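# Remarks on the overall topology
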Amino acid sequence: MRTQVAIIGAGPAGLLLGQLLHKAGIDNIILERQSAAHVLGRIRAGVLEQVAVNLLDECGVGARMHREGLVHQGIELLFAGQRHRIDLHGLTGGKSVTVYGQTEVTHDLMDARQAEGLVTVYETGDTVSLHDFDGARPKVRYVRDGRTHEIECDFIAGCDGFHGVCRASAPAAVLKTYEKVYPFGWLGLLADVPPLSHELIYANTGRGFALCSMRSPSRSRYYVQVPLQDKVEDWSDEAFWNELRARLDPAACERLVTGPSIEKSIAPLRSFVAEPMRFGRLFLAGDAAHIVPPTGAKGLNLAATDVKYLSNAFIEYYRERSDRGIDHYSEVCLRRIWKAERFSWWFTSLMHKFPDTGEFGQKVQEAELDYLVNSRAASTSLAENYVGLPL
Ligand code: APR
Ligand code: PHB
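Report follows, based on the coordinates. What you see is a predicted model; the values in this text were computed from it and never measured. (Residues numbered from 1 in each chain as written. Chains lettered and ligands numbered in written order. Predicted model: local features only at pLDDT ≥ 70, side-chain atom pairs only at ≥ 80, totals over all residues. Heavy atoms only, no water.)

### Some thoughts on the overall build of the protein
Of regular secondary structure, the protein possesses 13 helices and 20 strands. A compact globule built from 391 residues would reach a C-alpha radius of gyration of about 21 Å, and the protein, at 21 Å, matches this within 12%. For the protein, the spread of C-alpha atoms along the principal axes amounts to about 60 × 40 × 40 Å. When the 391 residues of the protein are sorted by exposure, 57% land in the buried category. Contacts in the protein between residues at least 24 apart in sequence constitute 71% of all its contacts with a sequence separation of at least 6. On the protein, roughly 16,600 Å² of surface is accessible, and the fraction owed to carbon and sulfur atoms is 51%. (Helix = DSSP H or I, 4+ residues; strand = E, 2+ residues; numbered from the N terminus. Rg over C-alpha atoms; globule rule 2.2 N^0.38 Å. Buried < 20%, exposed > 50% of the residue type's maximum accessible area, 1.4 Å probe, protein only. Contact = heavy atoms within 4.5 Å. Areas by Shrake-Rupley, 256 points an atom, 1.4 Å probe, with all protein chains shown as cover.)

### Some points on the site of ligand 2
Ligand 2 sits among 15 residues. The nearest are Tyr202, Ser213, Arg215, Tyr223 and Gly296. One nitrogen or oxygen atom from the main chain of Pro294 is found 3.1 Å from an oxygen atom belonging to ligand 2. With respect to ligand 2, the backbone of Gly296 contributes an N or O atom lying 2.9 Å from an oxygen atom. Coverage of ligand 2 by the protein chains reaches 99% of its 270 Å² of free accessible surface. Counting residues per element, the ones that place at least two in the shell around ligand 2 are β14 (200–203), β15 (210–216) and β16 (219–226). (Near = heavy atom within 4 Å. Polar contact = N/O pair within 3.5 Å; in protein donor to acceptor, adjacent residues only side chain to side chain.)

### Section: the sheet that holds β16
Strand order in the open sheet formed by eight strands is β6-β5-β14-β15-β16-β13-β17-β20, and the pairing between neighbours is mixed. Strands with a single pairing partner mark the edges of an open sheet, and in this sheet they are β6 (82–86) and β20 (290–291). Where strand β13 (residues 176–191) lies against β16, seven bridges are found, and the strand directions are antiparallel. Its bridge partner lying in β16, Gly185 is registered against Val226. (Pairing = 2+ DSSP bridges.)

### Description of the site of ligand 1
The local shell around ligand 1 holds 25 residues, among which Glu32, Arg42, Arg44, Gln102 and Asp287 are the closest. At 2.6 Å, a side-chain N or O of Glu32 approaches an oxygen atom of ligand 1. Taking Arg42, its side chain carries an N or O atom lying 2.6 Å from an oxygen atom of ligand 1. Contact with the protein chains covers 92% of the free accessible surface of ligand 1, which is 710 Å². Sorting the residues of the shell around ligand 1 by element identifies α1 (12–23) and α10 (299–320) as the ones contributing at least two each. When its residues are assigned to classes, the shell around ligand 1 shows ten nonpolar, nine polar and six charged. (Nonpolar A, V, L, I, M, F, W, Y, C, P; charged D, E, K, R; others polar.)

### Observations regarding the environment of Ser35
Summarising the element assignment, Ser35 is placed in the loop between β2 (28–31) and α2 (36–40). On a C-alpha basis, the gap between Ser35 and Leu175 in space is 30 Å, while along the polypeptide they are 140 residues apart. Setting aside residues up to four positions removed in sequence, Ser35 forms contacts with Tyr122 and Glu123.

### Examining the environment of Asp249
Inspection of the secondary structure puts Asp249 in the loop between α8 (237–246) and α9 (250–255). Look at Asp249 and you get buried, because its relative accessible area is 8%. Remark: the alpha-carbon pair of Asp249 and Ile262, spanning 13 residues in sequence, is separated by 25 Å.

### Digging into the nonpolar core
With 72 residues, the main nonpolar core has Val5, Leu16, Leu31, Leu48, Leu130, Val140 and Phe314 as its most contacted residues. Looking at this core element by element, the count peaks at twelve residues for α10. When sequence neighbours within four positions are dropped, the list of residues in contact with Val5 reads Leu21, Ile26, Asp27, Asn28, Ile29, Phe155, Ala157, Phe314 and Tyr318. Within the second largest apolar cluster, 35 residues are counted, among which are Leu88, Leu91, Ala297 and Met351. (Core = buried A, V, L, I, M, F, W, Y, C linked by side-chain atoms within 4.5 Å.)

### A word on α1
With twelve residues, α1 extends 16 Å between its outermost C-alpha atoms, agreeing within 8% with the 16 Å of an ideal straight helix rising 1.5 Å per residue. Most of α1 sits inside the fold, with ten of its twelve residues counted as buried. If you check which residues of α1 are buried, you get Pro12, Ala13, Gly14, Leu15, Leu16, Leu17, Gly18, Gln19, Leu20 and Leu21. At its buried positions, α1 is contacted by β1 (5–8), β2, α3 (50–58), α6 (102–115), β12 (155–158) and α10. Positive phi appears at Gly25, one or two residues downstream of α1, with a value of about 80°. (Expected span 1.5 Å × (residues − 1).)

### Some thoughts on helix α11 (residues 324–351)
Compared with the 40 Å implied by 1.5 Å per residue over 28 residues, the 41 Å span of α11 between its first and last C-alpha is a close match. The largest bend in α11 amounts to roughly 35° and is located at Ser330. (Bend = angle between axes of the 7 residues up to and from the residue.)

### A word on the state of the cysteines
One pass over the full model with this rule turns up zero disulfides. Cys253 takes part in no disulfide bond, and the closest cysteine sulfur to it belongs to Cys212, at a distance of 9.2 Å. By relative accessible area, which is 21% here, Cys253 ends up partly exposed. (Disulfide = S-S within 2.5 Å.)

In structure tokens:
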């Protein structure tokens, strides 16, 4: 088999790249370790910056997002028992975010790919291997039905997430990684109950962080910070709702509608960056190259912007025979990635209870939050980062 770009991973990064390349007439094949149903079963964040919204439109898959997505012009910060609104729209000259689940984004992209008849090979398991990407004729091999298949390509796009094969295939002598692991996780619960408020609430409390989010007017997503050792089996729905209530203000508690969980899981929090993002003809994009803690929901948005830069680079290569975009890909992405890393780390540090900082740490966070909501400059900085920095 031969293709122009072999894409590893059918998460949002791989699917979005496949669609953008196809629109530009660039042939691509996607190889995915899991089944499509498994990929769609993963519950991830759901806040889209305008840049991501525009990209989905560009791919021609924006219709359902515009119909069902919820446009949010503000967020609320809860601390010291009081809620304060950050007017994202007013502070950023009219910008907003769109609340639309990553599962839905993935669904829309998969449907579009299938409708166009593009090749996606699912369930490759751990058989994918990369070859000769340091030369002009890279190859990707995988095993399916007991047979080894080989794809010859011009480029390999590593969109295979944090645990994928692509970053692991990069030469160790060139790869440098930066990592910070946080001493807590997020216990998330999805339920078919109306959201407690029409905007997201981020809460800093003496018991730890909480987040009230949503997927639709009838489906809510809530999170509470938990110790890393906690097991999801030890958290009954009732225990979750009680803990969430204990972290909310009385008015919010009164509005909270509870119900049986559809999904419940614990995710650890990590900041991670791999540099560079290009190794010859292998390019990393999305979670394969970087992870942010979920506070601020930058993960999907960063994946989308990497893919935007990467598709532009490939288009420039094929249309103009120019290596310029390819040569600058890593540097251009990393400038934006480090800004989102900084923001996600800062927002995480401000909102969570850290085991080693005690009551002093709590007071300092509350002082910073008090400054943040009362200073237009500080609120603007939060708002600008939250809605997404310009490309
Ligand atoms: N071979 C083929 N596919 C693989 C392999 C492999 N060896 N390893 C991983 N994959 C697949 C995974 O099964 C997954 O479907 O690559 C895909 C990577 O998808 P994501 O993890 O969703 O990563 P990405 O597409 O970069 O999306 C970034 O996802 O994790 C969130 O916060 C993140 O929202 C952001 C978004
Ligand atoms: C979510 O809805 O899952 C979500 C929203 C905002 C965040 C993180 C997660 O900052």
